[in-house]
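Report on the structure
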Amino acid sequence: MKIGGIDKRWVYLLVAIGALIPIIKPLGLPVLSTPAVEALFEKIESLEPGDVIMLSFDYGPSSAPELDPMAESILRHCFQRDISVVVVALFPLGGDNQAKIALNKIVPEFPVVEGEDYVYLGYKDGGLAVLRRMAEDISIVFPQDNRGIPLEDIPLMQRVQNYSDTELSVSLATGIMGEWWAILVNAQFGQPVAVGATAVSAPKYYAYLKAGQMLSLLGGLKGAAEYETLIGEHYPELKERSQIATRGMDVQSIVHLIIIGFIILGNIVYLISRSERTRAGGRLASK
Amino acid sequence: MIRLLLAVSIILAGSPAEAQTDTNHFNTDSTDVLLADSTITATLVLQLSEDSTRILLDWTLGDSINVILERAGNDSVFATIGSFDPTINSFTDSGVSPGDWYMYRLLNGDSMKDLGAGASVEVPFPIEESRFFRTERTNALLLFLFYAATIVGYISIAKRGAQLFIRKIAGLDAVDEAVGRATEMGRKVLYIPGIMSVDNIQTVASMSILGYVAGKTASYGTNLEVPNKDPLVLATAREVVKEAYLKAGRPDYYNDDMVNYVSYDQFAFTAAIQGLMTREKPATNFLIGSFYAESLIMAEAGNASGAIQVAGTAELAQLPFFVVACDYTLIGEELYAASAYLSREPLILGSIKGQDLAKAVLVGLIILGVILSTSGQQWFADFFIQR
Amino acid sequence: MRRQIAVLLCFLTGFFVVVAFFIEQDPIPDINEKLDELLVIVFAFALVLGVVSFLQHHSKKIRRRDKGWTSSVISISSLVIMALLGIFESSIRGTGIIGDRTTFDWLFNWVFTPLQATMFSLLAFMIASAAFRAFRIKNIEAAVLMVAAIIVMLGRVSIGQVIFPQSLAISEWIMNNPNLAAQRGILIGAALGAASMAIRVILGIERPYM
């Protein structure tokens, strides 16, 4: 269990302590926003009250720490601007739960009415087939909402038949699902797509962002913190409520510094042992 | 042939409803005549979608009322297809079939009266049949045909006995050594075929390599375990391993428990694998297929247990973790070339050569595209846009 | 004969899916969608096979008292409890342990979800030990890699912008340029490899499913 002469458990202990301290005592480090995140914020800012966006919960509990803050910030932003939201869940293991958790938390904060300002259509399995079908008619995939009410009886869904009746689709995704939105919903149906992804998946989405197949990319906890910062700057009344990811960035900052410290320490140990080996080899050669 | 309809609009103000005269296609005299509402003006506009499979309807009303939209087909019987409040004034009807005729009308949602002949509109000619060929995908077809031709061409060359060179791939050279190590140490070989289902091409490639590894473990009499996350992969892997043991002449060494099912949940599967590696300390781990966030946990657990590890994936985000934690890593296309490399079958080697030729041509096209785009000629790059 | 049928079936379905990508004429798109649905149905039946395998594997471990057999007891119990709760509670709301939630929901929210989050959080510890081991300056390339890694790690967090303000811009440049170029190169190669593999499977040259 040793690496470079150090027991791995010391490494793990230091990381654990580094993660705990900012949780107990927040550091309040500033978060600067990047163009990739600002693009989504500006898009939603440009929408008119009554416009509709689609928000898809394509992640489960394992990605919730990174993607829940994004979901909450986006919902707050939309409801603050009277933008209607059609919520769906496409991830089999927990997408439905995450959608309900987010809605149950955010809806009470605003004077929104289910069926008029937002609607939750529930979970549907099928991946690409579902995305393809929703381009044609959402009611084929979701004939009723999560309450069991047929779509034709829901005022919001009477004006939304498919993607073309919405201004934007946002997928909060783990794994491959965000790519499906980019390569199918945007590339084939022309729908503006924004993706919120975990930090480990975010690098692969840069290609789609650069190619214009995604309007915006929120990468990991930092992406969520950037969005919270933008919300806080433009809507001070929401600032206190949108702080989860920002506080999480304190933890991430400390852990990153610890890892950088270990990398430098590891190299110092390596260089010292290499020079000792070289010196020992030189002494042997000279004998 | 695609035909686009022109928008048809009829504006009438309060004229009483008439039984729709037969405009060649409809006769509503006997079936469906409603009282007219002459107090409210209404305009109904119809347009066919670009792909000719949907009808787009828009209306304007002189008053703020609820409306009901009805549609009649060839049978001339109107049926409600939507009820709308005053804030809504458009509808896309995708429930239409090619070759049929349609007529629409608006009713006052409160009084159920027809809003006038002007709020009725008929599709002037049948809905266009779907196109046979998606012309926007011509670029994909041409590239596919070229690619298929290079592969089939080189397979033909290979069939004629040509010697085809394939470069050394360290990870695949290490397979025999890795299985041998497990045999000497008396410990098992652990083979993890990724976490995606059998419709993922990386999983298919993993099955090829599993067949080879299973053949080796059968020959050497080494224990093999193949835990699975996906039940379809379980079924496929069982067939592959059973077949390999049969071919090696050791069917008695095989038992179904070697290839077992763990859990469909990503992290439950990871926890099980981590526990397996920590408790049973396999001598050799193969992590070959499609992996996501669990890749580092598995690779690190294997590294901590002292196993020799051969990984292979085409998932870009996971490659760095495997490179860091495993002894050998098959990167991207090396995974797909593995079956050719291990079997040295001429037909499969031929396909690899064809792939290489296609890649060389693609590199040339990329360079050409960069030059043309930089000089302002965008048409070349536009040809390759996916639609 | 069985083999020939399998190869023929593979060829026909593979060829059909390729054709369906280009041809829009009914009934081809409908059949294509039905193939997607067929996979879901086959998966459901295969899941039964998976559960049987799971039960057999763990029962054997319990019977023989293999290393870690107590984990097998927990595994089988968890499967049975969740399955029974899911089947019998699904239509009964309001009979759960807490408030109006079902017991299934409670176990999912308070047992399964924290376990998943715990497993995912192991990554933080694993990456620390992996980084400590991996980023050694053995040569020029390794040194460049280490420097790039440190800059990107600083650029990704708030404190990095305090310590090294240019880290954000440099890390964005690294992610959007050399990283993206390398990723695209690997992506193109992998895509060609995947297509080649798919053609081999469709043509029956390679039969990894047998």
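Residues numbered from 1 in each chain as written. Chains lettered and ligands numbered in written order. Predicted model: local features only at pLDDT ≥ 70, side-chain atom pairs only at ≥ 80, totals over all residues. Heavy atoms only, no water.

What follows is about the overall build of chain A. Each helix and strand counted, chain A has 12 helices and eight strands in total. Overall, chain A is about 90 × 40 × 30 Å in size when its C-alpha atoms are taken along their principal axes. Every one of the 287 residues in chain A was classed for burial, and the buried ones make up 57%. Contacts in chain A between residues far apart in sequence, at least 24 positions, make up 75% of those at least 6 positions apart. With an accessible surface of roughly 11300 Å², chain A has 58% of that area assigned to carbon and sulfur atoms. Of the side chains in chain A, 25 bear a positive and 32 a negative charge, and the two mean positions are spaced by 18 Å. (Helix = DSSP H or I, 4+ residues; strand = E, 2+ residues; numbered from the N terminus. Buried < 20%, exposed > 50% of the residue type's maximum accessible area, 1.4 Å probe, protein only. Contact = heavy atoms within 4.5 Å. Areas by Shrake-Rupley, 256 points an atom, 1.4 Å probe, with all protein chains shown as cover. Lys, Arg positive; Asp, Glu negative; His and termini not counted. Charge placed at Lys NZ, Arg CZ, Asp CG, Glu CD.)

As a further point, take the sheet that holds strand E9 (residues 189-192) of chain B. All names here are of chain B. What the six strands build is an open sheet, ordered E11-E10-E9-E12-E13-E14; its pairing is parallel. The open sheet has two edge strands, strand E11 (259-261) and strand E14 (328-331), and neither has a second partner. The sheet shows a mean angle of 15° between the axes of neighbouring strands, taken without regard to direction. The pairing of strand E13 (residues 308-313) with E14 spans four bridges and is classified as parallel. Bridge assignment links Val310 to a residue of E14, and that residue is Tyr328. (Pairing = 2+ DSSP bridges. Axes fitted to C-alpha atoms, helices over the stretch in contact; angles between N-to-C directions.)

It is worth spelling out the pattern of salt bridges at this point. When the charged atoms of two side chains with opposite charge come close together, those side chains can pair. Enumeration over the complete set of coordinates arrives at 23 salt bridges over all chains. Arg9(A) serves as the salt-bridge partner of Asp7(A), at 3.1 Å between the closest nitrogen and oxygen. Using a relative accessible area of 51% as the deciding quantity, one classes Arg9(A) as exposed. Connected via shared salt-bridge partners are Lys8(A), Glu300(B) and Arg133(C). (Salt bridge = Lys/Arg side-chain N within 4 Å of Asp/Glu carboxyl O.)

Once that is clear, we can look at the interface of chain B and chain C. Counting from both sides, the interface comprises 70 residues of chain B and, opposite them, 58 residues of chain C. The interface formed by chain B and chain C includes four salt bridges. One salt bridge in this structure joins Glu300(B) and Arg133(C), with 2.6 Å as the shortest N-O distance. Seen at the junction of chain B and chain C, the total is 18 residue pairs in polar contact (both at pLDDT 80 or more). Broken down by element, the residue count for the side of chain B that touches chain C peaks at nine residues, all from helix H4 (residues 231-247) of chain B. Its residues placed into classes, the side of chain B that touches chain C shows 41 nonpolar, 12 polar and 17 charged. (Polar contact = N/O pair within 3.5 Å; in protein donor to acceptor, adjacent residues only side chain to side chain. Nonpolar A, V, L, I, M, F, W, Y, C, P; charged D, E, K, R; others polar.)

Turning our attention to the sheet that holds strand E6 (residues 168-173) of chain A. Residues and elements named next belong to chain A. Taking strand neighbours across the sheet as the criterion, the six strands line up as E5-E4-E3-E6-E7-E8 in an open arrangement whose pairing is parallel. Two strands in the sheet have a free side with no partner beyond their single neighbour: strand E5 (118-123) and strand E8 (216-219). Within this sheet the neighbouring strands show an average axis-to-axis angle of 15°, counted without direction. Summarising the sheet, E6 and strand E7 (residues 193-197) pair through five bridges and their orientation is parallel. Looking across to E7, one finds that Ser171 is bridged to Val195. Across the face of the sheet, helix H2 (residues 35-46) comes into contact with E6, E7 and E8 while running at roughly 120° to E8.

Moving on to a nonpolar patch on the surface. On the surface, a nonpolar cluster with roughly 540 Å² of combined accessible area is contributed by Val152(B), Leu8(C), Phe11(C), Leu12(C), Phe15(C) and Leu203(C). The element that contributes the greatest number of residues to the nonpolar patch is helix H1 (residues 2-22) of chain C, accounting for four residues. Mapped onto the elements, Leu12(C) comes out in helix H1. (Patch = residues over 30% accessible without salt bridge, like charges linked within 9 Å, V, L, I, M, F, W, Y side chains within 5 Å.)

Our focus in this paragraph is the nonpolar core. Core analysis: the biggest nonpolar cluster contains 65 residues, and Tyr191(B), Ile209(B), Val213(B), Leu224(B), Val241(B) and Phe286(B) have the highest contact counts within it. Here this core takes eight residues from helix H3 (residues 201-220) of chain B, the largest share from any one element. Every residue in contact with Val213(B), bar those within four places of it in the chain, is listed here: Val175(B), Val179(B), Val189(B), Tyr191(B), Leu224(B) and Phe286(B). By size, the runner-up hydrophobic cluster in this structure holds 49 residues, among which are Val31(A), Leu67(A), Ala99(A) and Leu172(A). (Core = buried A, V, L, I, M, F, W, Y, C linked by side-chain atoms within 4.5 Å.)

Okay, the domain arrangement of chain A next. Per the domain assignment, the segments making up chain A are domain 1 (2-21 + 251-279) and domain 2 (30-242). One C-alpha centre belongs to domain 1 of chain A, the other to domain 2 of chain A, and the line joining them spans 39 Å. (Domains from an automatic or database assignment.)

The full count for this structure, using the stated rule, is 22 aromatic pairs over all chains. With a centroid separation of 5.2 Å and an interplanar angle of 65°, the aromatic rings of Tyr264(B) and Phe43(C) are classed as edge-to-face. Residue Tyr264(B) is found in the loop between E11 and helix H5 (266-280), and its partner Phe43(C) is found in helix H2 (residues 28-64); the two belong to separate chains. A relative accessible area of 30% places Tyr264(B) in the partly exposed class. (Phe/Tyr/Trp six-rings, centres within 6.5 Å; stacked < 30°, edge-to-face > 60°.)

Attention now moves to the pairing of strand E4 (residues 84-89) of chain A. Residue and element names in this part refer to chain A. With six of six residues buried, E4 lies mostly within the body of the structure. With burial as the criterion, each face of E4 is covered, one bearing Ser84, Val86 and Val88 and the other bearing Val85, Val87 and Ala89. One ladder, built from six bridges, connects strand E3 (residues 52-58) with E4; its direction is parallel. Bridge pairing in E4 places Val52 opposite Ser84. Across four bridges, the pairing between E4 and E5 is parallel. Counterpart to Ala89 in the pairing with E5 is Tyr123.

Residue and element names in this part refer to chain B. Of the two faces of E9, both are covered, the one formed by Val189 and Tyr191 as well as the one formed by Leu190 and Ile192. Pairing between E9 and strand E10 (residues 224-228): two bridges, direction parallel. Each residue of the ladder has a partner; that of Leu190, found in E10, is Glu225. What joins E9 to E10 is H3, and the crossover it makes is right-handed. Two elements, E9 and strand E12 (residues 284-288), share four bridges in a ladder whose sense is parallel. Bridge assignment links Ile192 to a residue of E12, and that residue is Leu287. (Right-handed = clockwise from strand over helix to strand, strands pointing away.)

Next up on the list: the side chain of Glu334(B). With respect to the helices, strands and loops of the structure, Glu334(B) is situated in helix H8 (residues 333-343). Those residues within four positions of Glu334(B) in sequence are excluded, and the remaining contacts are Arg167(B), Ile169(B), Leu172(B) and Thr329(B).

Our next topic: the packing of helix H3 (residues 64-80) of chain A against helix H4 (residues 95-106) of chain A. Residue and element names in this part refer to chain A. Packing of H3 against H4 leaves a shortest axis separation of 10 Å and a crossing angle of 45°. The angle between H3 and H4 falls in the class oblique. Taken as a pair, H3 and H4 cross one another with a handedness that is right-handed. In this structure, H3 contributes Ala64, Asp68, Ala71, Glu72, Leu75, Arg76 and Phe79 to the contact, and H4 contributes Gln98, Ala102, Leu103, Lys105 and Ile106. Taken together, the residues that form the contact of H3 with H4 break down as seven nonpolar, one polar and four charged. (Parallel < 35°, antiparallel > 145°, perpendicular 65-115°, else oblique. Left-handed = near helix turned anticlockwise from the far one by under 90°.)

If you look at the interface, chain A gives 18 residues, while chain B gives 21 residues. Taken over both partners, the interface formed by chain A and chain B buries close to 1600 Å², and the fraction arising from carbon and sulfur atoms is 50%. Linking chain A to chain B there are one salt bridge. Glu300(B) is the salt-bridge partner of Lys8(A), the closest N and O atoms lying 3.7 Å from each other. Counting across the interface, chain A meets chain B through one residue pair in polar contact (both at pLDDT 80 or more). Across the side of chain A that touches chain B, the residue classes break down as seven nonpolar, six polar and five charged. (Buried area = accessible area lost by both parts, 1.4 Å probe.)

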